Amino acid sequence: MKIKSVRARVFEWKGKTVPPQGNFCSNAMDLVYSKTETMSTFRFHSWTVVEIETDSGIVGLGNVALAPRIAKAIIDEYLAPLVIGQDPWDYEYLWQRMYRATHAWGRKGVTMAAISAVDLAIWDILGKSVNKPVFKLLGGRTKEKIPCYYSKLYRTDIQEMQAEAEKYLKQGFTMFKSRFGYGPAHGTKGVAENLKAVAALREVIGYDNDLMLECYMGWNVEYAKRILPKLEKFEPRWVEEPVIADDIDGYAELNQLTSIPISGGEHEFSLYGFKQLLERKAVSVVQYDTNRVGGITAAHKINALCEAYSVPVIPHAGQMHNYHLTMSSLASPMSEYFPMFDVEVGNELFYYIFDGEPVADNGFLQLDDDKPGLGLTLKTEFLDQFNIIE
Ligand SMILES: [Mg+2]
């Protein structure tokens, strides 16, 4: 079997979107002076879809959600020529070719996201070629079904947040992640607002359920040191990405300082990036995203590393490319789960582009033993709502 062609297309959503409400979510841009709102940096309204076809007629699907137009250019100009004519079963060799050929200017960020998409499509081909789901190729089922946590609860009106938590509690979710709305720029009043939201959510879900808290890199070390001790009494399962991804010393300091596990890795890349995080004890929960970290070839190795360090892997975002790794690794106890909503942040776009995403049932996800590859197909229903760039 040989790879015949690589097609990368950008899907830009032009349909209706829900504008962010209230203080929504702190983010890395909050600390930079800006005359306009900074929340747009937290929205992702286009994706790159990669289709790789083999000479036997199998088509594998991959995707990139970061900087899609640039990812497409990297795939078209640099990665496609490296894999065309090659056997997809040589996935490690192909991964090393892509990684090393772009190493002078790539390594992390959008280049690694582009490599991830090609690697995902290759693994989809492998599964389809032997008629097995990808998780079977990675070692099989390590759990009967995947526990998943409800991930939304952006910072809006407190009563609205409580109503949202209550609604999904009734649907059987036992784990919830919420976003902080305030950071250093909002001063002492913002600290109080952050604490108020956490207390309000605990009121609804109680202490028998898990509450995770997300900063999306919107704090700094000083601010985190101020607020983390005040959060301890609310027993969060973790506090996520308190500072920017490059501040590994900051992560390590905070993770030592507080009894709350600090999580991160959603903006970290490759086996080397995670080796650094683990060696420094910078995070207590690893949250790579397979479509950023280097695809399944890289994520599988990172799972092994995390297993050796006894650090759980709970990938960023739900989505099939992550679920197969979670299903097949004992280092992964659960999945994040973005329910399908009208297009808001852009995480939901996955549902608008692909068919095959599992829907949570009573707080659990199931993968089908009989669906080969990643189990995704391109959806036709919303095609007219996208501007598609070939
Ligand atoms: Mg996150």
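Residues numbered from 1 in each chain as written. Predicted model: local features only at pLDDT ≥ 70, side-chain atom pairs only at ≥ 80, totals over all residues.

**Q** I keep staring at helix H6 (residues 187–205) and nothing clicks. Help me out?
**A** Because an α-helix completes one turn every 3.6 residues, residues spaced three or four positions apart along the sequence face the same direction. If you check H6, its first and last C-alpha atoms are 28 Å apart, about what 19 residues at 1.5 Å a residue would give, namely 27 Å. Turning to H6, its buried residues number three or more, namely Gly190, Asn194, Ala197, Val198, Leu201 and Ile205. Down the axis of H6, the buried set is contained in an arc of 95°. They therefore lie on one face. Structural note: H6 exposes Thr188, Lys189, Ala192, Lys196, Ala199 and Glu203 on the side pointing more than 90 degrees away from its buried face. Along its buried surface, H6 packs onto helix H5 (158–170), strand E5 (175–179), strand E6 (210–214) and helix H7 (221–231). At the C-terminal side of H6, Gly206 shows a positive phi close to 70°. (Helix = DSSP H or I, 4+ residues; strand = E, 2+ residues; numbered from the N terminus. Expected span 1.5 Å × (residues − 1). Buried ≥ 20, exposed ≤ 12 C-beta atoms within 10 Å, placed from the backbone. Arc of directions from axis to C-beta. Contact = placed C-beta atoms within 7 Å.)

**Q** For this particular structure, what's the right way to read the packing of H6 against H7?
**A** Describing two packed helices takes the angle between their axes plus the distance from one axis to the other. Put simply, H6 and H7 touch, their axes get as near as 11 Å, and they point 30° apart. Considering their axes alone, H6 and H7 lie roughly parallel with respect to each other. Here H6 runs over H7; the crossing is right-handed. Along the contact surface, H6 presents Val191, Asn194, Leu195 and Val198, while H7 presents Arg226, Ile227, Lys230 and Leu231. Taken together, the residues of the contact of H6 with H7 sort by class into five nonpolar, one polar and two charged. (Axes fitted to C-alpha atoms, helices over the stretch in contact; angles between N-to-C directions. Parallel < 35°, antiparallel > 145°, perpendicular 65-115°, else oblique. Left-handed = near helix turned anticlockwise from the far one by under 90°. Nonpolar A, V, L, I, M, F, W, Y, C, P; charged D, E, K, R; others polar.)

**Q** Please explain the pairing of E6 as it appears in this structure.
**A** Side chains on a regular strand alternate between the two faces of the sheet. The buried fraction of E6 is high, at four of five residues. The pairing of E5 with E6 spans five bridges and is parallel. If you follow Ser178 over to E6, its bridge partner there is Leu213. Taken together, E5, H6 and E6 form a β-α-β motif whose crossover is right-handed. (Pairing = 2+ DSSP bridges. Right-handed = clockwise from strand over helix to strand, strands pointing away.)

**Q** Would you take a moment to explain the domain arrangement of the protein chain for this structure?
**A** Buried accessible area, meaning the area lost when the parts come together, often serves as the stated size of an interface. Here the protein chain is described as being made up of domain 1 (3–131) and domain 2 (136–379). The gap between the C-alpha centroids of domain 1 and domain 2 is 21 Å. Elements with a minimum of two residues in the side of domain 1 that touches domain 2: strand E1 (3–13), strand E2 (46–54), strand E3 (59–64), helix H2 (91–101) and helix H3 (110–130). With 12 residues, the single largest contributor to the side of domain 1 that touches domain 2 is H3. A class-by-class count of the residues in the side of domain 1 that touches domain 2 yields 24 nonpolar, 14 polar and eight charged. (Domains from an automatic or database assignment.)

**Q** What's the story with the pairing of E3 in this structure? I'm lost.
**A** Extensive coverage of E3 is indicated by the burial of five of its six residues. Strand direction decides the pairing type here: E2 and E3, joined by six bridges, are antiparallel. Bridging across to E3, Val49 finds its partner in Asn63. As consecutive antiparallel partners, E2 and E3 are separated by four residues, and within that stretch Gly57 has a phi angle of approximately 90°, a positive value.

**Q** Help me out: how do you make sense of the sheet that holds E1 in this one?
**A** Strand pairing in a sheet relies on backbone hydrogen bonds. The paired strands run either parallel or antiparallel. The sheet built from four strands is open, its strands ordered E3-E2-E1-E14 with antiparallel pairing. Among the strands making up the open sheet, the edge pair consists of E3 and strand E14 (386–389). Each adjacent strand pair in this sheet contributes to an overall mean axis angle of 25°, direction not counted. Most of the contacts of helix H1 (residues 68–83) go to E1, to which it runs at about 180°, and overall it touches E1, E2 and E3. Helix-sheet contacts for H3 involve E1, E2 and E3, and the interaxial angle to E3 is about 155°.

**Q** Explanation requested: the environment of Pro133 in the structure shown.
**A** With respect to the helices, strands and loops of the structure, Pro133 is situated in the loop between H3 and helix H4 (134–137). For Pro133 and Met29, which are 104 residues apart along the polypeptide, the C-alpha to C-alpha distance reads 40 Å. Excluding residues within four positions of it along the chain, Pro133 makes contact with Gly127, His324, Leu367, Asp368, Asp369, Lys371, Pro372, Gly373 and Gly375.

**Q** What is the right way to look at the nonpolar core in this model?
**A** Across soluble globular proteins, nonpolar side chains have a tendency to be buried as a group. Core analysis: the biggest nonpolar cluster contains 116 residues, and Ile75, Ala114, Ala117 and Val118 have the highest contact counts within it. Broken down by element, the residue count for this core peaks at 13 residues, all from H3. Split by domain, this core shows at least three residues from each of two domains, domain 1 (3–131) and domain 2 (136–379). Apart from residues no more than four positions distant in its own chain, Ala114 is found in contact with Val64, Ala71, Ile74, Ile75 and Leu79. (Core = buried A, V, L, I, M, F, W, Y, C linked by C-beta atoms within 7 Å.)

**Q** How do you make sense of helix H12 (residues 320–328) when you look at a structure like this?
**A** Among the nine residues of H12, nine are classified as buried, and the element is accordingly described as predominantly covered. For H12, every residue scored as buried is listed here: Met320, His321, Asn322, Tyr323, His324, Leu325, Thr326, Met327 and Ser328.

**Q** It is not clear to me how the environment of His321 should be interpreted in this structure. Could you clarify?
**A** Structurally, His321 is set in helix H12. The exposure class assigned to His321 is buried, which follows from the 29 C-beta atoms found within 10 Å. For the pair His321 and Pro68, spaced 253 residues apart in the sequence, the C-alpha separation amounts to 17 Å. Dropping the residues within four chain positions of it, His321 is found in contact with Leu120, Thr290, Asn291 and Leu374.

**Q** In this structure, what is going on with the packing of H2 against H3? I would like to understand it.
**A** Viewed as axis vectors pointing N to C, H2 and H3 meet at an angle of 165°, and their least axial separation amounts to 11 Å. As the angle between them shows, H2 and H3 are arranged roughly antiparallel. Relative to H3, H2 is oriented so that their crossing is right-handed. Contacts from Tyr91, Leu94, Trp95, Met98 and Tyr99 of H2 reach H3 at Ile115, Val118, Asp119, Ile122 and Trp123. Counted by class, the contact of H2 with H3 contains nine nonpolar, no polar and one charged residues.

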